[in-house]
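Inside the fold
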Amino acid sequence: MMRIWLLSVLLAAFSVSAQAPLIQVVKQGAQKDSVSLDSIRTSGPKGRYFVNNLLRDLELSGWYRPHPGGSVKVAGSISEGGGAIRTALSITAPGKRFDWNRSATGDKAIRACAHALSDMIVEEIAGKKGFASTKIVFVNRLGRNKADLYTCDANGMGAARVT
């Protein structure tokens, strides 16, 4: 009896879904500005770590796509030493320009610096509020009655247990 009831419910669900209107979602990728980080000179792994985080943040913002010679250009240098970086960057777009000169020590601070620059680029160039500096909070369930609370950066990096 239960099988017949389940079969009739499934058939009813399929007949309703067959009559549902088709909804198509189209991403507006053509409206993204191109961004070039090719003119950033860096001397080591910490500088490349900064650039990789910045590029990922800009892609995740939804406003930019990487492209050599893009309409938005980030140029300059990142020097490093003793686990720290010092940025001397210039950001230009048609009719807009600003400089970014910051220092950061350690991976967490370097990621935070890249997030802050991404947010600044989104705000200054696209005129929107960036979210790269925000945190995501999530729960990791380890069993029926055990779970831990974690945070991570908006790009998924830097997960840290809170509880």
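For clarity, every value in this text was computed on a predicted model and none was experimentally measured. (Residues numbered from 1 in each chain as written. Predicted model: local features only at pLDDT ≥ 70, side-chain atom pairs only at ≥ 80, totals over all residues. Heavy atoms only, no water.)

1. A word on helix H2 (residues 45-61)
- Helix length check: H2 (17 residues) gives 24 Å between terminal C-alpha atoms against 24 Å at 1.5 Å per residue, within 8%.
- Every buried residue belonging to H2 is among Gly47, Phe50, Val51, Asn53, Leu54, Asp57, Leu58 and Ser61, and all of these are buried. The buried residues of H2 occupy one face: seen down the axis, they fall within an arc of 165°. Away from its buried face by more than 90 degrees, H2 exposes Pro45 and Asn52.
- Tucked inside the fold, the buried residues of H2 contact strand S1 (33-42), strand S2 (64-66), strand S3 (72-81), strand S4 (84-93), strand S5 (96-100) and helix H3 (107-126).
- Positive phi shows up at Gly62, right after H2, with a value of about 85°. (Helix = DSSP H or I, 4+ residues; strand = E, 2+ residues; numbered from the N terminus. Expected span 1.5 Å × (residues − 1). Buried < 20%, exposed > 50% of the residue type's maximum accessible area, 1.4 Å probe, protein only. Arc of directions from axis to C-beta. Contact = heavy atoms within 4.5 Å.)

2. Some words on the pattern of salt bridges
- Applying the stated criterion across every chain yields a total of 4 salt bridges.
- Of the charged contacts in the structure, one is a salt bridge between Arg111 and Asp153, with a shortest N-O distance of 2.8 Å. With Arg111 in helix H3 and Asp153 in strand S8 (residues 146-153), this pair connects stretches of sequence that are 42 residues apart.
- One salt bridge in this structure joins Lys135 and Asp153, with 2.6 Å as the shortest N-O distance. Taken together, the residues span a long stretch of sequence, with Lys135 in strand S7 (residues 135-143) and Asp153 in strand S8 at a distance of 18 residues.
- Under the relative-accessibility criterion, Lys135 is labelled partly exposed at 47%.
- On the accessibility criterion, Asp153 (4% relative accessible area) is buried. (Salt bridge = Lys/Arg side-chain N within 4 Å of Asp/Glu carboxyl O.)

3. Concerning the confidence of the model for the protein
- On average, residues of the protein score 86 in pLDDT, and 82% of them reach the 70 mark or higher.
- Ignoring residues within four places in sequence, the model shows residues 13-17, a span with pLDDT below 50, making 0 contacts including any to other chains. (pLDDT = per-residue confidence, 0-100.)

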